[in-house]
Amino acid sequence: MSFKNAFKLLISKFSYVWVILLYIAVMFVILLSLGLTFLLPVIRSFAAAGIGDMFNKVILSLLNGASLTEATAQLNEILSEIRNIFATDARTFVNSALFIVLVVTIAYRFIMGLYELPLVSVIQGVMSDNAKYGYMAKYVAFFGKSVRFSLVKMLFMTVYDCVMYLIAFGLARLCASFAVLFTPFVFMLSLIVLLAFRYSLIAGWSPAIVVDGKKIFPALWASVKSAFSAFGSLFSLFMIVWVIIIVFNFIIGVFTFCAGLLVTVPVSVFFINLLNMTFYYNRNGKSYYVEGSVFVPDSAKKK
C-alpha cells in the first residue's frame, strides 16, 4: 500500500514537483557558479588534448554499427589519455580534485540536503491535516535543523556512496575481464541493489525528525531498526522503485534529448519522499489522508 498511496499523493499534489524543480534549478546555478572556477582550466586542457573529438568518434562508431568490444577499446583509449593529462598537468589534476571534493561532494550534497525536512513537513501537512503549506515558509522554519541534518547526512552518505561505487565498479571490472557483454548488467544490478539497501536504511530518518520530533541521531537509529524489522518488504519495494526510476529517467532523457528530465527528476525526488512518508505512517500505525479520504493502515487496525 505504501507504493500505491505514494503514487496517489504524487498525482494529487503534483504542483509540489514544480517547487522541487525550482529548488534544483537554483541549486545548479549556485553550483555552476562555484564550479566554473575549477572547471574552466580542466575544459581547456581536455579540449587541447582532443578528448571531445574522441568521444564524438565513439558515439559515431556505435551509430555506424561498431561492436561493444570496439567501443570499449575506444573508451579505454580516452581514459588513458585523460590519465596522461592528469599525470602531466598538475593544474588540471588539482582543479579536478577540488571540483569533485568541494563542489560535487560537499556543496552539492549539503545544498541538496537542505530541501528534505521542509518537503517532508509539507507532506506531513498533506497526510495528517489534509492541508496545503507553503514550501518556502517551511524552508525558513526548518533551516537551522536542516543545516545540521544535511551535514550529518552528507557525512554518512558520502562514506556509503564511496563504498557503493567502489563495489559496483569493482564488480563491473571483474566481469569485464571474462565477459564484456555482461559488464553493464553487473554494474547496474549492483548499483540498484546497493541503492535499494541505502534507501531502506534511511527511509524513516527524515519522517522521524519531522513527524515525531526525534533528534537527528536517534531518528537515524530508529530508521535503521525499522528497516531491519521489515527488511524484506522494504528492500524489495526500493528495488522495484529504483528500477522504475532509472528506466523512466533514461527513456525520457534519451527520447527528449534530456529536456524531459526537467520533469522526471523532481518527480523522482518527490516520489521517494512520499514513499518514505507512507511507509513511516503505515509502519507506525498512523492514519493519513489520501485524495481527501482517511486511509487506516492495518497496523493501526490491530491496535
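Keep in mind that this is a model prediction, so the values were computed, not measured. (Residues numbered from 1 in each chain as written. Predicted model: local features only at pLDDT ≥ 70, side-chain atom pairs only at ≥ 80, totals over all residues. Heavy atoms only, no water.)

**Q** I'd like a rundown of the overall build of the chain, residues and numbers included.
**A** Across its full length, the chain carries 14 helices and two strands. Along the longest, intermediate and shortest principal axes, the C-alpha atoms of the chain span 65 × 40 × 35 Å. For the chain, buried positions account for 42% of its 303 residues. Total accessible area on the chain stands at roughly 16,400 Å², and carbon and sulfur atoms take up 73% of it. Mean positive and mean negative side-chain charge positions of the chain (23 and 11 charges, respectively) differ by 14 Å. (Helix = DSSP H or I, 4+ residues; strand = E, 2+ residues; numbered from the N terminus. Buried < 20%, exposed > 50% of the residue type's maximum accessible area, 1.4 Å probe, protein only. Areas by Shrake-Rupley, 256 points an atom, 1.4 Å probe, with all protein chains shown as cover. Lys, Arg positive; Asp, Glu negative; His and termini not counted. Charge placed at Lys NZ, Arg CZ, Asp CG, Glu CD.)

**Q** Could you give an account of the packing of helix H5 (residues 90-113) against helix H8 (residues 143-176), naming the residues involved and the relevant values?
**A** Packing of H5 against H8 leaves a shortest axis separation of 9 Å and a crossing angle of 130°. Our classification of the angle between H5 and H8 gives oblique. Helix-helix and strand crossings are classified by hand; for H5 and H8 the assignment is right-handed. Where H5 approaches H8, its residues Thr 105, Ile 106, Arg 109, Phe 110 and Gly 113 are matched on the opposing element by Val 147, Phe 149, Ser 150, Leu 151, Met 154, Met 157, Thr 158 and Asp 161. A class-by-class count of the residues in the contact of H5 with H8 yields seven nonpolar, four polar and two charged. (Axes fitted to C-alpha atoms, helices over the stretch in contact; angles between N-to-C directions. Parallel < 35°, antiparallel > 145°, perpendicular 65-115°, else oblique. Left-handed = near helix turned anticlockwise from the far one by under 90°. Contact = heavy atoms within 4.5 Å. Nonpolar A, V, L, I, M, F, W, Y, C, P; charged D, E, K, R; others polar.)

**Q** Give a description of a nonpolar patch on the surface that names residues and reports values.
**A** Residues Phe 93, Val 94, Leu 98, Ile 100, Val 101, Leu 102, Val 104 and Ile 106 make up a contiguous nonpolar surface patch of about 640 Å² in total accessible area. Looking at Val 104, the relative accessible area reads 38%, which means it is partly exposed. (Patch = residues over 30% accessible without salt bridge, like charges linked within 9 Å, V, L, I, M, F, W, Y side chains within 5 Å. Salt bridge = Lys/Arg side-chain N within 4 Å of Asp/Glu carboxyl O.)

**Q** Quick one: what's the story with the packing of H8 against helix H11 (residues 216-229), residue by residue and with numbers?
**A** Where H8 contacts H11, the axes come no closer than 11 Å and their chain directions differ by 50°. In terms of their interaxial angle, H8 and H11 are classed as oblique. Of the two elements, H8 crosses H11, and the hand of that crossing is right-handed. In contact with Lys 145, Arg 148, Phe 149, Val 152 and Phe 156 of H8, H11 contributes Ile 216, Phe 217 and Leu 220. Taken together, the residues of the contact of H8 with H11 break down into six nonpolar, no polar and two charged.

**Q** Lay out the nonpolar core with the relevant residues and their values.
**A** Counting 76 residues, the largest nonpolar core has Trp 205, Phe 238, Trp 242 and Phe 270 as its most contacted members. Among the elements that make up this core, the one with the highest residue count is helix H13 (residues 261-283) (eleven residues). Apart from the residues lying within four places of it in its own chain, the contact partners of Trp 242 are Ile 192, Leu 195, Ala 196, Tyr 199 and Ile 272. The next biggest cluster of nonpolar side chains, apart from the first, holds six residues, and it includes Val 58, Ile 78, Ile 82 and Ile 85. (Core = buried A, V, L, I, M, F, W, Y, C linked by side-chain atoms within 4.5 Å.)

**Q** Break down the packing of aromatic side chains for me, citing the residues and quoting the values.
**A** According to the stated counting rule, one finds 23 aromatic pairs in the structure shown. Pairing Tyr 160 with Phe 197 gives two aromatic rings, centres 6.5 Å apart and planes at 25°, and the pair type is stacked. On the criterion of sequence distance, the pair formed by Tyr 160 in helix H8 and Phe 197 in helix H9 (residues 183-201) is long-range, its members being 37 residues apart. The class of Tyr 160 is buried, set by a relative accessible area of 18%. With relative accessibility at 26%, the residue Phe 197 sits in the partly exposed group. For the ring pair Tyr 288 and Phe 295, a centre distance of 5.3 Å and an interplane angle of 55° mean the geometry is tilted. Taking relative accessible area as the criterion, Tyr 288 reaches 1% and is therefore assigned buried. Chaining the aromatic ring pairs together yields one cluster made of Tyr 23, Tyr 115, Tyr 135, Tyr 139 and Phe 143. (Phe/Tyr/Trp six-rings, centres within 6.5 Å; stacked < 30°, edge-to-face > 60°.)

**Q** Can you explain the environment of Ile 78? Please cite residues and give values.
**A** Residue position: Ile 78 is located in helix H4 (residues 68-88). A relative accessible area of 2% places Ile 78 in the buried class. If we skip the residues at most four places from it in the chain, Ile 78 touches Ile 51, Met 54, Phe 55 and Val 58.

**Q** So what about unusual backbone geometry? Which residues, and what values?
**A** One can expect most non-glycine residues to show negative phi and most peptide bonds to be in trans. At Phe 257, a position not held by glycine, the phi torsion is positive, near 55°. Tracing the backbone through its elements, the reader meets Phe 257 in the loop between helix H12 (231-255) and H13. Taking the relative accessible area as the measure of exposure, Phe 257 reaches 74% and is therefore exposed. Located in the positive-phi region is Glu 291, a residue other than glycine, with phi close to 55°. When you line up the elements, Glu 291 lands in the loop between strand E1 (288-290) and strand E2 (293-295). Overall, the relative accessible area of 52% leaves Glu 291 in the exposed class.

**Q** So what about the environment of Phe 86? Which residues, and what values?
**A** Among the secondary structure elements, Phe 86 is positioned in helix H4. Given a relative accessible area of 26%, Phe 86 falls into the partly exposed group. Separated by ten residues in sequence, Phe 86 and Ser 96 place their C-alpha atoms 8.9 Å apart. Among residues more than four places away in sequence, those in contact with Phe 86 are Phe 46, Thr 92, Phe 93 and Ser 96.

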